[in-house]
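# Structure at a glance
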Amino acid sequence: MVTTIAPTSTSRKQTATGTRGRKPVNPGRVAAWAAMIIIILITLFPFYWMLRTSFSTSKALFLEPGRLGPVDFTLGAYKRVLGLASTTEAQAEGGSGASVDFFLYLRNSTIFAVVATAGQVFFSALAAYAFARLKWPGRDVVFFAFLTALMVPPIFTALPNFILIKNLGLLGTFPGLIAPYFFMTPFAIFFLRQFFLGINREVEEAARLDGAGHWMVFFRIVLPMSWAPITTLSILTLINMWNEYLWPLLVGTNESTRVLNVALGVFRSQTPQTGPDWAGLMAAVLIAALPLLIVFMFFAKRIVNSIGFSGSK
Amino acid sequence: MSTTTPPVDSMTVAGASTVGKGSDRPPGRSDLSMALVFIAPALFGFLVFYLYPTIRGIYFSLTRYNILGRPHFIGLGNYTKLFGDALFWNSMKVTLEYVALNILFQTVLAVGIGVLMQRLTKNTAVRAVILLPFLISNVIAALVWFLMLDFQVGIVNEILADIGLDRITFFGGDATAIPTIAAVNVWRHMGYTALLIFAGLQTIPDYVYEAASVDGSTEWRSFWRITLPLLRPILALVLVITVTGSFQIFDTVNVTTRGGPGNASRVIQYYIVQKGFTEGQFGYASAISFVLFVILAIVALVQLRLLNAGESDLA
């Protein structure tokens with residue numbers, strides 16, 4: 001019992017060679033692992049279920065809903081969701097036959113998320129540099145004002161912002177969709193300022209002595225030195241933008257600006273008479289989830305380790 | 001003094017005093033013009049998409065504003081109307097019920113998972129798996145569970161039927177809609193919350209546990225006597241984030257129950273969107289969202305008070 005309390009893996013290894021080490025069975029530990037495995041299963045099962053259902057035939061699903069593997073295996077769901085199946089083909093497999101094109105929504109989501117993230121991170125980095133490194137009157141007041149914006153719930157600003165975008169004639173356009181996210185978020189500025197404050201000033205001072213301006217210092221020194229937190233912030237922002245729902249629902253109203261999340265909601269409400277097209281819906285859901293899951297595969301370690309309170313000290 | 005200051009600071013000071021005109025200009029001059037260039041885009045975004053709509057939103061809340069017409073000032077009319085609006089009070093009740101269930105289960109599970117991870121494995125792969133649901137959107141999480149909890153073809157109801165229990169109308173029942181939506185969002189957010197807690201647990205030094213174990217404390221006692229008390233400030237911070245997020249539940253409701261059955265899941269944000277965008281009552285919708293704004297501000301302030309109260313535990 002006592003050995004399990006040793007908190008780090010290294011100290012456990014040391015005791016393992018000692019007399020107490022490597023207890024074969026410890027009921028508490030076994031129970032803890034069992035609980036952990038159950039949690040992991042609950043976490044993963046819905047992902048498996050998306051996959052399993054997307055490879056099934058919707059009509060057959062109603063006959064064998066409890067089957068763990070795909071029911072009547074087919075790629076039909078993907079074909080009709082990507083607009084590659086004819087109306088009759090789609091209806092034969094339990095689709096609604098309405099034309100859907102998730103390639104288009106995939107493109108829209110990508111434009112929205114990537115452009116919004118790029119603008120937001122870049123402009124926030126510029127501002128963060130001014131808050132962390134430049135001396136100007138009112139700096140702390142302005143910074144505090146930016147931070148208070150964190151308190152305002154998005155729905156509260158969404159109503160007037162919608163009116164603004166509507167009056168500008170930008171409803172159903174990418175500029176209208178992207179604008180509120182493009183210039184800053186309080187969080188991004190806060191996150192980057194916190195990091196810039198921690199960068200050693202020596203290199204910057206040396207560059208300044210050599211006559212480099214702030215502009216040069218920012219692009220040649222600060223940005224390259226901070227690529228790690230900037231990457232982290234970009235990925236986190238990309239995740240948030242990709243998953244954004246309310247604003248795109250209000251503003252991305254036509255086909256050419258409809259993002260995946262909104263399209264999924266529309267697709268789900270187009271229920272064919274025979275019952276919901278579950279296979280098609282799950283295929284669509286996987287298409288919407290996959291890009292982020294792929295990004296996550298490459299950056300998992302960085303993202304996982306970035307979650308915490310180090311940014312706020 | 002000079003011997004104890006970190007080298008970075010002394011360097012900066014020395015550089016400034018000896019060079020003078022190079023890096024740091026005389027104290028009177030600031031970098032204002034440069035700073036304005038650097039913050040110009042962010043400032044524009046802040047003024048146009050945060051500050052202006054906040055002020056405008058408060059003004060809208062004092063008007064009768066049909067989305068097609070012009071705002072018409074009516075003073076506190078919307079707020080007095082709000083008091084008599086049974087649907088508004090219902091939405092408050094439903095939202096509070098959701099927040100209570102969501103936060104209770106999410107926090108308990110997240111603390112459990114966080115402690116399990118700390119005790120069992122620091123493996124990054126395990127943490128990555130735990131985080132997976134957070135990567136998919138609320139909409140996707142809602143749709144997958146909508147399938148899994150479907151009355152006829154849902155695997156959960158299949159299992160219930162197999163072991164001889166009654167099928168449950170999860171999303172479709174008056175009493176079950178809100179708990180179901182809460183459960184779906186617990187599934188999506190518990191891993192992320194657990195990682196926050198896990199990060200907090202890393203700040204508790206090992207020697208505290210070692211000392212406790214030397215004194216014969218069991219795991220169970222250590223958890224209640226050491227982990228939880230020392231975790232309190234972090235828990236408060238986590239709760240500020242999760243509670244304010246929880247109050248703004250919308251996505252899940254919009255793609256599954258659409259407020260139903262009846263008004264059983266007509267949460268406050270859904271009601272705001274319905275009033276503003278479906279019924280075109282922009283002034284009234286603004287008034288409700290201002291109330292939400294105030295509630296969230298109070299909740300955050302109260303919680304931060306609690307946070308400060310707990311800060312000295314590990315000094």
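### Section: the overall build of chain A
From N to C terminus, chain A includes 16 helices and 0 strands. Counting all 313 residues of chain A, 41% fall into the buried class. Pairs at least 24 residues apart make up 71% of the contacts formed inside chain A by residues separated by at least 6 positions.

### Describing the overall build of chain B
Check the secondary structure of chain B and you find 13 helices and 2 strands. Residue burial in chain B is summarised as follows: out of 315 residues, 41% are buried. Taking as baseline every contact in chain B between residues at least 6 positions apart, the subset at least 24 positions apart corresponds to 69%.

### Focus on the interface of chain A and chain B
Every contact between the two is made by 83 residues of chain A and, on the other side, 86 residues of chain B. Broken down by element, the side of chain A that touches chain B gets its largest block of residues, 14 residues, from helix 2 (residues 27-54) of chain A. Within the side of chain A that touches chain B, the residues separate by chemical class into 60 nonpolar, 16 polar and 7 charged.

### Concerning the confidence of the model for chain B
Residue and element names in this part refer to chain B. Summing up the model confidence of chain B, the mean pLDDT is 84 and the portion of residues at 70 or higher is 88%. Predicted confidence for residues 1-28 stays below pLDDT 50, and this span has 18 contacts to residues more than four positions away or in other chains. As a predicted assembly, this complex carries a pTM of 0.85 together with an ipTM value of 0.85.

### A closer look at the environment of Ile37(A)
As for its placement among the helices and strands, Ile37(A) is situated in helix 2. Sequence separation of Ile37(A) and Ile230(A) is 193 residues, and the distance between their C-alpha atoms is 34 Å.

### Some points on helix 13 (residues 227-243) of chain A
The end-to-end C-alpha separation of helix 13 of chain A is 24 Å, in line with the 24 Å expected for 17 residues at 1.5 Å each. Within the sequence span of helix 13 of chain A, burial applies to Pro229(A), Ile230(A), Leu233(A), Leu236(A), Thr237(A), Leu238(A), Ile239(A), Met241(A), Trp242(A) and Asn243(A).

### Thoughts on unusual backbone geometry
Residues and elements named next belong to chain B. Look at the link from Gly-260 to Pro-261: it is a cis peptide, with omega at -5 degrees. Positioned with a positive phi, Arg-258 is a non-glycine residue whose angle comes to about 50 degrees. Note that Arg-258 resides in the loop between helix 11 (251-255) and helix 12 (268-278).

### Re the confidence of the model for chain A
All names here are of chain A. With 88% of its residues at a pLDDT of at least 70, chain A reaches an overall mean of 83. Within chain A, no element has a lower average pLDDT than helix 1 (residues 9-17), which sits at 40, and none a higher one than helix 9 (residues 174-182), at 95. Counted against residues more than four places away or in other chains, residues 1-21, with its pLDDT under 50, gives 26 contacts.

### Some remarks on helix 10 (residues 186-198) of chain A
Compared with an ideal rise of 1.5 Å per residue, which puts 13 residues at 18 Å, helix 10 of chain A spans 19 Å between its outermost C-alpha atoms and is within 8% of the ideal. Where helix 10 of chain A is concerned, the buried positions are Pro186(A), Ala188(A), Ile189(A), Phe191(A), Leu192(A), Arg193(A), Phe195(A) and Phe196(A). Elements that come into contact with the buried residues of helix 10 of chain A comprise helix 6 (102-133), helix 7 (139-148), helix 12 (214-225) and helix 13 of chain A together with helix 2 (32-60) of chain B.

### Some remarks on the nonpolar core
Residues Ala127(A), Leu264(A), Ala284(A), Val285(A), Ala42(B), Ile140(B) and Leu143(B) are the most contacted members of the largest nonpolar core, which totals 156 residues. If sequence neighbours within four positions are ignored, Val285(A) has contacts with Met50(A), Leu264(A), Ile140(B), Leu143(B) and Val144(B).

### Thoughts on the domain arrangement of chain A
All names here are of chain A. Considered domain by domain, chain A is made up of domain 1 (46-98 + 270-313) and domain 2 (114-258). Taking the mean C-alpha position of each, domain 1 and domain 2 sit 33 Å from one another. With 9 residues of domain 1 at the contact, the number on the domain 2 side is 8 residues. Its residues assigned to classes, the side of domain 1 that touches domain 2 comprises 4 nonpolar, 3 polar and 2 charged.

### Considerations on the environment of Tyr192(B)
Along the chain, the position of Tyr192(B) falls in helix 8 (residues 177-201). Distance in space between the C-alpha atoms of Tyr192(B) and Leu132(B) is 8.7 Å, their sequence separation being 60 residues. Setting aside its immediate chain neighbours within four residues, Tyr192(B) contacts Ile307(A), Leu131(B) and Phe134(B).

### Remarks on the packing of helix 6 (residues 138-148) of chain B against helix 8 of chain B
All names here are of chain B. At their nearest, the axes of helix 6 and helix 8 sit 10 Å apart, and the two run at 125 degrees to each other. Compared by their axis directions, helix 6 and helix 8 come out oblique. Handedness of the crossing formed by helix 6 with helix 8: right-handed. Two secondary-structure elements touch here, helix 6 through Asn-138, Ala-141, Ala-142 and Trp-145 and helix 8 through Val-184, Trp-187 and Arg-188.

Quick notes on the rules
Residues numbered from 1 in each chain as written. Chains lettered and ligands numbered in written order. Predicted model: local features only at pLDDT ≥ 70, side-chain atom pairs only at ≥ 80, totals over all residues. Helix = DSSP H or I, 4+ residues; strand = E, 2+ residues; numbered from the N terminus. Buried ≥ 20, exposed ≤ 12 C-beta atoms within 10 Å, placed from the backbone. Contact = placed C-beta atoms within 7 Å. Nonpolar A, V, L, I, M, F, W, Y, C, P; charged D, E, K, R; others polar. pLDDT = per-residue confidence, 0-100. Expected span 1.5 Å × (residues − 1). Core = buried A, V, L, I, M, F, W, Y, C linked by C-beta atoms within 7 Å. Domains from an automatic or database assignment. Axes fitted to C-alpha atoms, helices over the stretch in contact; angles between N-to-C directions. Parallel < 35°, antiparallel > 145°, perpendicular 65-115°, else oblique. Left-handed = near helix turned anticlockwise from the far one by under 90°.

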